[in-house]
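# Observations on the model geometry
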Amino acid sequence: MVKLTIDLIARGTSGYTKKKRDESMQHYLKRLTHLYLEDRCIDEVGEDLSMCRNLTVLYLYDNQLLRIPTLHHNQHLTMLYLQNNDIHKIENLSPLTRLTKLYLGGNCITVIEGLDKLENLQELHIENQRMPPGEKLLFDPRTMRAISSSLQVLNIAGNNLDSIRDIECLRNLYQLHANDNLLTDMKELAHVIGGMFRLWRLDLMGNPLCHKAKYRDRVIVMAKNIDVLDGKEISETSRRFLHNWHDAREVQKKRREENLRKGSGEFGDGALLRELPPVKDHPRPPHKIPGYMMPGLPRKQFDEILARTNSNLAEDPVQTHSASMKTRSGILRSKLPDIFGTSLSISLKRGSLSVDVGAVSSRADLQRVLPLSRSLTRLPQHLSGGGGNHFL
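Summary of the structure given here. Remember, it's a predicted structure, so these values are computed and weren't measured experimentally. (Residues numbered from 1 in each chain as written. Predicted model: local features only at pLDDT ≥ 70, side-chain atom pairs only at ≥ 80, totals over all residues. Heavy atoms only, no water.)

### Focus on the packing of helix 4 (residues 186-193) against helix 5 (residues 215-222)
The criterion, for reference: Here an angle of 0 to 180 degrees is reported between the N-to-C directions of two axes, which are lines fitted to C-alpha atoms, with helices fitted over the stretch in contact. Runs of E in the DSSP output that reach at least two residues are strands. Runs of H or I that reach at least four are helices, and both are numbered from the N terminus. Comment on the angle field: the value is read as roughly parallel under 35 degrees, roughly antiparallel over 145, roughly perpendicular from 65 to 115, and oblique elsewhere. Note on convention: near helix rotated counterclockwise from far helix by under a right angle means a left-handed crossing. Clockwise means right-handed. Contact criterion: two residues are considered in contact whenever any of their non-hydrogen atoms come within 4.5 Å of each other.
Interhelical geometry of helix 4 versus helix 5 gives an angle of 30° and a closest axis separation of 9 Å. In terms of orientation, helix 4 lies roughly parallel with respect to helix 5. When you trace helix 4 past helix 5, the crossing you get is right-handed. Between helix 4 and helix 5, the residues in contact are Met-186, Leu-189, Ala-190 and Ile-193 and Tyr-215, Arg-218, Val-219 and Met-222, respectively.

Right, here's the structure in full:
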C-alpha cells in the first residue's frame, strides 16, 4: 500500500527537471510537465498532485490503483497513462478537456463511458480488460457520439467483442485495433469500416472471421484507403487489382439484375427461363424404312410372286390351316409356284428367313433361280419379322 507523496513526486521526474538547490518545492512542482510514477505500487493518489498545475503527461501505469484519481487541478493534461491497474470504472475525467491520449488497457472496465466532455480525445486504448467470464466490453452511445468527431485511434483488442456495430459512428478513425475478439460477421464488418474513409490501419487477427475464404482480399476491398492490415503493408498494385476486380464484379451483378428485372413480366423471357423445367434429350424412335425394293428383282415381278403364293394358299384350306398353326408355333413355310422350272420354298422361323432351292434340272435353270433366292433372303426386318438381314 503506497500513497503518492511530494517526496515520491520529486523522485518521479527526469534528469532535465531536477529541483534546483535554491528553488522552492512549490515552484518546482508547478513547473513540472512530465511525471513518471509507473511501477511504484501506488494505490492512492492524494491532493499533492494538485500542486503540479502545468502537468501535461502523467505516467501511472503498472500500479495498484482501484479508481481513476481526481485530476481537476491538472487541466493541462494531454496524455494520461493508467494501464495495468485495478480500475473498474471510467470517471473523474470531465475536467480534462485538453486530453488527447488516454491509456486504460489491462484494467477491469466493462463499459466505455464518462468521456462526454473530452472533445479533443484522439486516442483511446482500452484493450484486454479483465472482465468476469461471459461478459464483454460495452459502449455507451452518448459517449461514442461525443468523441466521434475527434477520435482517431481506438484499441479494443481482447475484450470478447462479437460485434462492432456500436462504433459505427466513429467515422474519423485512422487506426482500429480489434484483434483477439469474437468477430464473425463479414457483412457487419463491411458496413462498419466501409464508412471509415480515413482508416489506414486495421488489426483483426485472432478473430474467427480471419479464417474465412479470401478474408484479406475482402477486407482490402471493404476499406478502400487501408495501408496496413494485421501488421502487413498492402502494396498499391494489390490494392488496385482487387478494387478493379471488385468493380468489374459489381458491374456484372448490376447488369444481371437489370436483365432479370426487364424479363420479370408475365410473359418475359426471364420468367420463362425461371419457370420452365430443364429440357431432356429423349431418345428418338428408330428410323423406319418407308419402302423396300428387292435388289436384283423388279418390284412388279416380286408382287406377282407374292400374289400367286397367296392365291394358292387360299385355294387349299387345309394348307392354310396348317400354315396358320405353324405360324403360331413360330414357323412359317411357303412354297412358290414353279415359274422357273424348279421348286423354291421360303421358310420363316423365329424371325429368320431362309430360302430352299429344289432340284435343278440344268445349269441354266440354276443360273435363273439363284438371283431370286438371294434376293428373297435380303428381305428387310419389317418383312421377315426378325432381327436383321440373312444371306445365303
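### Focus: the sheet that holds strand 11 (residues 175-177)
Short version of the rule: By definition, two strands form a pair when at least two bridges between them are found by DSSP.
Taken in spatial order, the ten strands make up an open sheet running 2-4-5-6-8-10-11-12-13-14, and their pairing is mixed. This sheet does not close on itself; its edge strands, each paired only once, are strand 2 (34-36) and strand 14 (232-233). The pairing of strand 4 (residues 57-59) with strand 5 (residues 79-81) spans three bridges and is parallel. Bridge pairing in strand 5 links Val-57 to Met-79.

### A word on the nonpolar core
Put simply, the rule reads: For our purposes a nonpolar core is just a set of buried Ala, Val, Leu, Ile, Met, Phe, Trp, Tyr and Cys residues, chained together by side-chain atoms within 4.5 Å. For the exposure calls, accessible area comes from a 1.4 Å probe over protein chains only, and a residue counts as buried if that area is under 20% of its type's maximum, exposed if over 50%, partly exposed in between.
Ranked by internal contacts, the top residues of the largest apolar core, which has 71 residues, are Leu-49, Leu-58, Leu-115, Ile-156, Ile-167, Leu-176 and Ile-193. For this core, the secondary-structure elements that each account for two or more residues are helix 1 (6-10), helix 2 (25-30), strand 3 (42-45), helix 3 (141-147), helix 4 and helix 5. The element that contributes the greatest number of residues to this core is helix 5, accounting for five residues. Ignoring any residue separated from it by four or fewer positions in sequence, one finds Leu-115 in contact with Ile-90, Leu-93, Leu-102, Leu-121, Leu-124, Thr-143, Ala-146 and Ile-147.

### Thoughts on the side chain of Ser-148
This is how the line gets drawn: Pairs of N or O atoms are called polar contacts if they sit within 3.5 Å, as long as, within protein, a hydrogen donor faces a hydrogen acceptor (for residues adjacent in sequence, only side-chain-to-side-chain pairs).
Relative to the assigned elements, Ser-148 resides in the loop between helix 3 and strand 10 (153-155). A distance of 2.8 Å separates a polar atom in the side chain of Ser-148 from the backbone oxygen of Arg-145. Not counting residues up to four positions away in its chain, the partners in contact with Ser-148 are Cys-169, Leu-170, Arg-171 and Asn-172.

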